[in-house]
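Here is what each chain is made of, one letter per residue.
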Amino acid sequence: MLAGNMKRVTLHGWFRSARALPVLALLLAAALVMGACGSPSAPDPGQSSGDGQGSSDEPTTFIRGTVGLALSAPFNPLLRMGNPRAALWSFNRLVAYNSRLEPVGELAESWDVSGDGLVYTFHLRKDVKWHDGAPFTADDVIFTAETALNEENNAATRKYWLIGGEPVKVEKIDDYTVQMTLPKPSALFLFNMSSWNMIVPKHLLEGVDLATADYNRHPIGTGPFKVVELVDNQYIRMEANPDYFLGAPKIDVWIDKQIPDQNAAIAALANGEVDMIGIGGKDALETVRQLPDVEVYGYDAGWILGVTFKRDRSFFDDVRVRRALAYALDREGMVQAIAGDVEVAWSLIGPPSSWAYNPDVPRYPQDIEKAKALLAEAGFTPGSDGTLTRDGRRFEFTLLVQSPATDSDPEAFAAVLQQAWKAIGVDMKIQRLDRATLESRLFVDRDFDAYIWWDGYNFEPDPSMFWHSATNINGFASAEIDALIEEANANADQAVRKAALDQLAVKVADEVLFIPLYYYRGFSAVKAYVKGVPAPSAADFNNSGILYEVHKLYIDKGK
């Protein structure tokens, strides 16, 4: 429940006035203006086949509007993981997942596993060609693994080839058979051979400086679509690969088009400028559901939006401070107002439908008096402006947020957090960064006080990136946490894994190592004439839920 009418007015009033999306009529009007007044100097990636202007004899074009994800070089899955997302449709992994989240072969036709779980033998497909016509072989797999493991290359995918910090040994048996020996058992190994772990061509990258390679602007993959044009921060244009080993795509041209913000994306969808967009936030979802001839698809991704603190910044090394910040929040109220009908997060891994979810963790329902008491116990006293101080230092810090963003509304959450923490004497400032800059600040420089973003565990949870002392960026080191993560990751028995993950969830919640807000439920809005859409599933690593069999999509305008 919201704590009184005043808080309800503050929460909803701010969000509606400062962040509310235009009503449908205004969106449609804006869309028409945008179409009439677009910049004549901007490159034109092409028009959607659903805009009503094409004929049945013309190539079919599908345009996906993206917000917050930079469409720019380097377009090399070794160097950049998850961005551009188009890598998912121009490259392949050894393993994929079907809609039921079962591992299936992609570049690998099948695999065998030794009795001790340490040796995987992958039997590769023999009908795969690179987009330049060269055959795909075991040499490409060996090259990808060795290049990723070479620390000099700073490969984003290096983590996939490590088990407990030790490298996987990759050997060629013959041109279409690869043997991988793990240093220790891993419940996550097949997942690591999927996800964003794309295989790259040896014949084009061997002996080349990865950082400066021309390949980074003109990538060659094995996927259903070939990259033909990349205009930085505007669009990526791809054409169908007629030789795709799973079947030629039914769409001829695929375009990822960058759009500045969520409002513009909805306008573009309404106007027929794009065929698909991602949706984040309650108001955006409600608006899109009013659009005619648009289908909305939703799915649970296994991600969690939350606030993470850097232990050595501000006063975050004091657990009383972290608990006070948690008690200051009306978590249910802000999530309902901003994100809508999604699951409020208390536990580390979710949503509740996940096999790894633990509901029995310490919770922090809003209690302002308890928050103030904890801060007083920690030695804080109010300063002349109401901001708390201790040992002559003000309690102030900066929260980093991504702006713009599609898959949530971090700025709205940040504004509510700012108000809630000001009420207990904490001065929080907000710094807005584009995604690339934010990722660099967090994962390269590790330069932050706190941030609001996604912790990702997917459907095969691996908390090591965010919580193991060898890899986390928040500075929280715990031998107990490390041991629980290692036990969960090493054991193939799901019951054993869950027991370890349950203990981990309790430990993280008790220490308030971060403040979870809600479990991500991804939504995509797609024009109704786009057919062949599969059942929404976390098998889509693009986080749209429906783009994991793109070669089967087609456009049917009913003409």
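Residues numbered from 1 in each chain as written. Predicted model: local features only at pLDDT ≥ 70, side-chain atom pairs only at ≥ 80, totals over all residues. Heavy atoms only, no water.

Undergrad: Sorry, what's going on with the overall build of the protein chain here?
TA: Of the regular secondary structure elements, the protein chain holds 16 helices and 23 strands. Buried residues in the protein chain amount to 55% of all 559 residues. Sequence separation of at least 24 residues holds for 69% of the intrachain contacts in the protein chain that already meet a minimum separation of 6. Counting only carbon and sulfur atoms, one obtains 49% of the accessible surface of the protein chain, whose full area is about 22500 Å². (Helix = DSSP H or I, 4+ residues; strand = E, 2+ residues; numbered from the N terminus. Buried < 20%, exposed > 50% of the residue type's maximum accessible area, 1.4 Å probe, protein only. Contact = heavy atoms within 4.5 Å. Areas by Shrake-Rupley, 256 points an atom, 1.4 Å probe, with all protein chains shown as cover.)

Undergrad: What exactly am I supposed to notice about the pattern of salt bridges here?
TA: If the charged atoms of two oppositely charged side chains come close together, the side chains can form a pair. A complete count under the given rule lists 33 salt bridges for this structure. Between Asp232 and Arg217 there is a salt bridge, and its shortest N-O distance comes to 3.1 Å. With Asp232 in the loop between strand 10 (225–231) and strand 11 (235–240) and Arg217 in the loop between helix 6 (202–205) and strand 10, the pair connects residues that are 15 residues apart, well separated along the chain. On the accessibility criterion, Asp232 (33% relative accessible area) is partly exposed. One salt bridge connects Arg497 with Glu460, and the closest N-O pair in it is separated by 2.9 Å. With a gap of 37 residues between them, Arg497 in helix 16 (residues 494–511) and Glu460 in the loop between strand 20 (450–456) and helix 14 (464–467) connect regions that are remote in the sequence. Just as Arg497 is buried, Glu460 falls in that class too. Shared partners join several salt bridges into a network, and the residues in it are Asp385, Arg394, Glu396, Asp427 and Lys429. (Salt bridge = Lys/Arg side-chain N within 4 Å of Asp/Glu carboxyl O.)

Undergrad: In this structure, what is going on with the nonpolar core? I would like to understand it.
TA: Note on soluble globular proteins: their nonpolar side chains tend to be buried together. Core analysis: the biggest nonpolar cluster contains 158 residues, and Met180, Phe395 and Trp421 have the highest contact counts within it. If sequence neighbours within four positions are ignored, Phe395 has contacts with Ser314, Phe315, Phe316, Val321, Leu325, Leu375, Phe380, Thr387, Leu388, Gly425, Val426 and Asp427. Of all hydrophobic cores here, the second largest spans 23 residues; its members include Ile63, Leu269, Ile277 and Val294. (Core = buried A, V, L, I, M, F, W, Y, C linked by side-chain atoms within 4.5 Å.)

Undergrad: Any chance you could explain the sheet that holds strand 15 (residues 381–382) here in plain terms?
TA: For sheets, the rule is that strands pair by backbone hydrogen bonds, running either parallel or antiparallel. Pairing in this open sheet of three strands is antiparallel, and the strands run 15-16-17 from one edge to the other. On the outer flanks of this sheet lie strand 15 and strand 17 (393–394), each paired with one strand and no other. Relative to strand 17, strand 16 (residues 388–390) runs antiparallel, the two sharing two bridges. Looking at the pairing, Thr389 lines up with Arg394 of strand 17. (Pairing = 2+ DSSP bridges.)

Undergrad: It is not clear to me how the pairing of strand 11 should be interpreted in this structure. Could you clarify?
TA: Along any regular strand, the residues point their side chains to alternate faces of the sheet. Examined bridge by bridge, strand 10 and strand 11 share six bridges and lie antiparallel to one another. In the strand pairing of strand 11, Val227 is matched with Met238. By the bridge criterion, five bridges tie strand 11 to strand 12 (residues 253–258) in an arrangement that is antiparallel. Paired with Glu239 across the strands is Val253, a residue of strand 12.

Undergrad: What exactly am I supposed to notice about the packing of helix 9 (residues 319–327) against helix 11 (residues 368–377) here?
TA: A pair of packed helices is characterised by two quantities: the angle between their axes and the separation of those axes. Orientation of helix 9 relative to helix 11, taken along the N-to-C sense of each, is 160°, at an axis distance of 8 Å. For the element pair helix 9 / helix 11, the angle class is roughly antiparallel. The hand of the helix 9/helix 11 crossing is left-handed. Facing helix 9, whose interface residues are Arg320, Val321, Arg323, Ala324 and Tyr327, helix 11 presents Ile368, Lys370, Ala371, Leu374, Leu375 and Glu377. Residue composition of the contact of helix 9 with helix 11, by class: seven nonpolar, no polar and four charged. (Axes fitted to C-alpha atoms, helices over the stretch in contact; angles between N-to-C directions. Parallel < 35°, antiparallel > 145°, perpendicular 65-115°, else oblique. Left-handed = near helix turned anticlockwise from the far one by under 90°. Nonpolar A, V, L, I, M, F, W, Y, C, P; charged D, E, K, R; others polar.)

Undergrad: So what exactly am I meant to see when it comes to the side chain of Gln262 here?
TA: Here Gln262 lies in helix 7 (residues 262–271). For Gln262, the side chain forms a polar contact with the main-chain oxygen of Gly278, separated by 3.2 Å. (Polar contact = N/O pair within 3.5 Å; in protein donor to acceptor, adjacent residues only side chain to side chain.)

Undergrad: How should the sheet that holds strand 5 (residues 119–124) be read in this particular structure?
TA: In spatial order, the strands read 4-5-9-8; together these four strands make up an open sheet with antiparallel pairing. Unpaired on one side and paired on the other, strand 4 (108–113) and strand 8 (169–174) mark the two borders of the sheet. Geometrically, the sheet is characterised by an average inter-axis angle of 20° between neighbouring strands, direction not taken into account. Pairing analysis gives five bridges linking strand 5 to strand 9 (residues 177–181), with the strands arranged antiparallel. The partner of Phe122 across the bridge, within strand 9, is Val178.

Undergrad: What am I meant to see in the environment of Glu295 here?
TA: Mapped onto the elements, Glu295 comes out in strand 14 (residues 294–309). Among the residues examined, Glu295 registers a relative accessible area of 39% and is labelled partly exposed. Between the alpha carbons of Glu295 and Tyr529 there is a distance of 9.3 Å; along the sequence they are 234 residues apart. Dropping the residues within four chain positions of it, Glu295 is found in contact with Ser524, Ala525, Val526 and Ala528.

Undergrad: Is there a simple way to think about the packing of aromatic side chains in this case?
TA: Each aromatic ring pair is characterised by the separation of its centres together with the angle its planes make. Scanning the model with the defined rule gives 31 aromatic pairs in all. Measuring from ring centre to ring centre gives 5.4 Å for Phe191 and Phe459, while their planes differ by 80°; the resulting arrangement is edge-to-face. Of this pair, Phe191 sits in helix 5 (residues 189–192) while Phe459 sits in the loop between strand 20 and helix 14; the two residues are 268 residues apart in sequence, bridging distant segments of the chain. For Phe459, a relative accessible area of 13% corresponds to the buried category. Ring centres of Phe315 and Phe380 lie 4.9 Å apart, and the angle between their planes is 85°; on these two criteria the pair is classed as edge-to-face. With Phe315 in the loop between strand 14 and helix 9 and Phe380 in the loop between helix 11 and strand 15, this residue pair connects regions lying 65 residues apart in the sequence. Assessed through its relative accessible area of 1%, Phe315 is described here as buried. An aromatic cluster of at least three residues, connected via ring pairs, comprises Phe309, Phe315, Phe316, Phe380, Phe395, Phe397 and Trp421. Positioned over the ring face of Phe448 is Lys310, at 5.3 Å from the centre of the ring. (Phe/Tyr/Trp six-rings, centres within 6.5 Å; stacked < 30°, edge-to-face > 60°. Lys NZ or Arg CZ within 6 Å of the ring centre and 35° of its normal.)

Bear in mind that shape data such as this cannot, by itself, settle questions of function.
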